[in-house]
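Working through the structure, step by step
Residue-level listing of the chains:
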Amino acid sequence: MSDDTVVVWDESLLAYDMGEHPLDPVRVELTVALARELGVLDRPGVRLVRPEPAADALLTRVHLPDYLDAVRVAPHDPLFAGYGLGTSDNPVFAGMHESSALITGASVAAAEAVWRGEARRAVNVAGGLHHAMPDRAAGFCVYNDPAVAIARLLDLGAERVAYVDVDVHHGDGVQEIFYRDPRVLTVSVHETPLALFPGTGFPDETGGPGAEGTAVNLPLPPGVSDAGWQRAFHAVVPSVLRAFRPQILVTQCGADGHRLDPLADLHLSVDGQRATYLTLRALADELCEGRWVATGGGGYALAEVVPRAWTHLLAVATGAPIEPPTLTPPAWRELAAQRLPGSRIPLRMTDDVDPSYEPWQPSGEPNSVDRAVAATRKAVFPLLGLDPHDPRD
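Below you will find a few notes about this structure.

Parameters and conventions
- Residues numbered from 1 in each chain as written.
- Predicted model: local features only at pLDDT ≥ 70, side-chain atom pairs only at ≥ 80, totals over all residues.
- Heavy atoms only, no water.
- Helix = DSSP H or I, 4+ residues; strand = E, 2+ residues; numbered from the N terminus.
- Buried < 20%, exposed > 50% of the residue type's maximum accessible area, 1.4 Å probe, protein only.
- Contact = heavy atoms within 4.5 Å.
- Polar contact = N/O pair within 3.5 Å; in protein donor to acceptor, adjacent residues only side chain to side chain.
- Axes fitted to C-alpha atoms, helices over the stretch in contact; angles between N-to-C directions.
- Parallel < 35°, antiparallel > 145°, perpendicular 65-115°, else oblique.
- Left-handed = near helix turned anticlockwise from the far one by under 90°.
- Nonpolar A, V, L, I, M, F, W, Y, C, P; charged D, E, K, R; others polar.
- Phe/Tyr/Trp six-rings, centres within 6.5 Å; stacked < 30°, edge-to-face > 60°.
- Core = buried A, V, L, I, M, F, W, Y, C linked by side-chain atoms within 4.5 Å.
- Pairing = 2+ DSSP bridges.

Moving on, we come to the environment of Asn-144. With respect to the helices and strands, Asn-144 occurs in the loop between β3 (121–124) and α5 (145–155). Taking relative accessible area as the criterion, Asn-144 reaches 0% and is therefore assigned buried. Ignoring sequence-local partners within four residues, the contact set of Asn-144 consists of His-63, Leu-129, His-130, His-131, Ala-132, Gly-173, Val-174 and Ile-177. Within the structure, Asn-144 has its side chain in polar contact with the backbone nitrogen of Ala-147 (distance 3.1 Å).

As structure tokens, this is what we get:
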């Protein structure tokens, strides 16, 4: 296996553009620009790969042919309605099929490179469109690129694929697509569905018949900050991954759990997100011989958060992490100010937050985070042969 890291990137990925909409491709543009200015993409062993659009035969591993037809037709039919398209969340836009297929092709290219041993890790920051369903668009997502990439891994012979989703929203599309497939473990850490779209992701969603225990959901209450989030993550995610023994790790690294994100209610920092990426890399190293495919996802603080978070992700995937006090380069700050006038442009790669945490214990007076942890462990740990009350599991 090569020790290289593949970064799938081309400016054409910015064509997934819904217009006046929270999912603005400028966040991806500024991420790549920041990573370039900090030298992350010029590191030894980093290979930039230009994506190709996913063909219909690949897209229909996940999506219905009628839905693909609708995505193609919708931009040319002013009266089109249906399939989740033409809504405020998923407006119809020119080139919708082509740009969606290209993002999907980028995630597939990342997965293929890692599975075939051409790279140890691969990243597609433009990907992570985890809400799309087989027959409809949802939550800003037209095609479900993580799910298509996982389906491709299964076709290539993977027998155990783990998917970890740290977006603030439940990874409902990926869970739904593989809910009855015991070869795929889906793990989602998100804000409670009682408070946030899409309204799914409760602890008792644990997998369909024949795949019991392969869906893991950890919903957290609004207002959780780094210490609580990390405590919960470490109380559940490493244990279920170790029990499942994946051959490859696929992650959706949405940055919308940040305290500045306008669409959700968690209070994470860039420092906490950086710590999560380091943990995910360590778990891939421990369990999968380093095989890690990372995508972007949500994130709507376009200048303040997403570029820094995903530049940290790229740095962790390509080698040494960026030290938190690092200054953002002046050229990048100038570009960000041009692209997003009036935004607060961060001066450093940190929020000055210590993301350390106290490990979970089953005893003591539980707070809201510990109650969430206990509910998830109770629901799914026995299905994986784990003791929900033993902190060693």
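Anyway, onward from the coordinates.
Between helix α8 (residues 270–287) and helix α9 (residues 306–318), the least distance of the axes is 9 Å, while the angle of their chain directions is 25°. Looking at the two axes, α8 sits roughly parallel to α9. Every pair of crossing elements has a handedness; the one defined by α8 and α9 is right-handed. Seen from α8, the contacting residues are Val-270, Gln-273, Arg-274, Tyr-277, Leu-278 and Arg-281; seen from α9, they are Arg-308, Ala-309, Trp-310, His-312, Leu-313 and Val-316. Tallied by class, residues from the contact of α8 with α9 come to seven nonpolar, two polar and three charged.

To continue, consider the packing of aromatic side chains. Describing an aromatic ring pair means giving the distance of the ring centres and the angle of the ring planes. Summed over the entire model, instances satisfying the criterion amount to six aromatic pairs. Judged by centre distance (6.4 Å) and plane angle (20°), the ring pair of Phe-80 and Tyr-83 falls under stacked. Using a relative accessible area of 19% as the deciding quantity, one classes Phe-80 as buried. A relative accessible area of 36% places Tyr-83 in the partly exposed class. Through a chain of ring-to-ring contacts, the aromatic side chains of Tyr-67, Phe-80, Tyr-83 and Tyr-143 assemble into a single cluster.

Our next topic: the nonpolar core. Val-164, Trp-229, Leu-249, Trp-292 and Trp-310 are the most contacted members of the largest nonpolar core, which has 131 residues in total. Counting residues per element, this core draws most heavily on helix α4 (residues 96–115), at ten residues. Other than its neighbours up to four places away in sequence, Trp-229 contacts Val-166, Val-189, Leu-220, Val-224, Leu-266, Leu-268 and Thr-276.

Bringing the sheet that holds strand β6 (residues 215–220) into the picture now. Taken together, the eight strands give an open sheet; going across it, the order is β2-β1-β3-β8-β7-β4-β5-β6, and neighbouring strands pair in parallel fashion. In this open sheet, the two edge strands, each paired with only one partner strand, are β2 (46–49) and β6. Strand after strand, the sheet turns through a mean of 15° between neighbouring axes, direction not considered. Running at roughly 175° to strand β5 (residues 184–191), helix α7 (residues 226–244) makes contact with β4 (161–165), β5, β6 and β7 (248–252) of the sheet.

This next bit is on unusual backbone geometry. With an omega of 5°, the peptide bond between Phe-197 and Pro-198 qualifies as cis. Counting through the fold element by element, Pro-198 comes out in the loop between β5 and β6. For Glu-289, which is not a glycine, the phi torsion comes out positive at approximately 55°. In this fold, Glu-289 is placed in the loop between α8 and β8 (292–295).

Of the two faces of β8, both are covered, the one formed by Trp-292 and Ala-294 as well as the one formed by Val-293 and Thr-295. Sheet topology note: the β3/β8 ladder contains four bridges and is parallel. Following the sheet pairing, Asn-124 is matched in β8 by Thr-295. As paired strands, β7 and β8 are joined by four bridges and run parallel to one another. Across the sheet, Thr-251 pairs through a bridge with Ala-294, a residue of β8.

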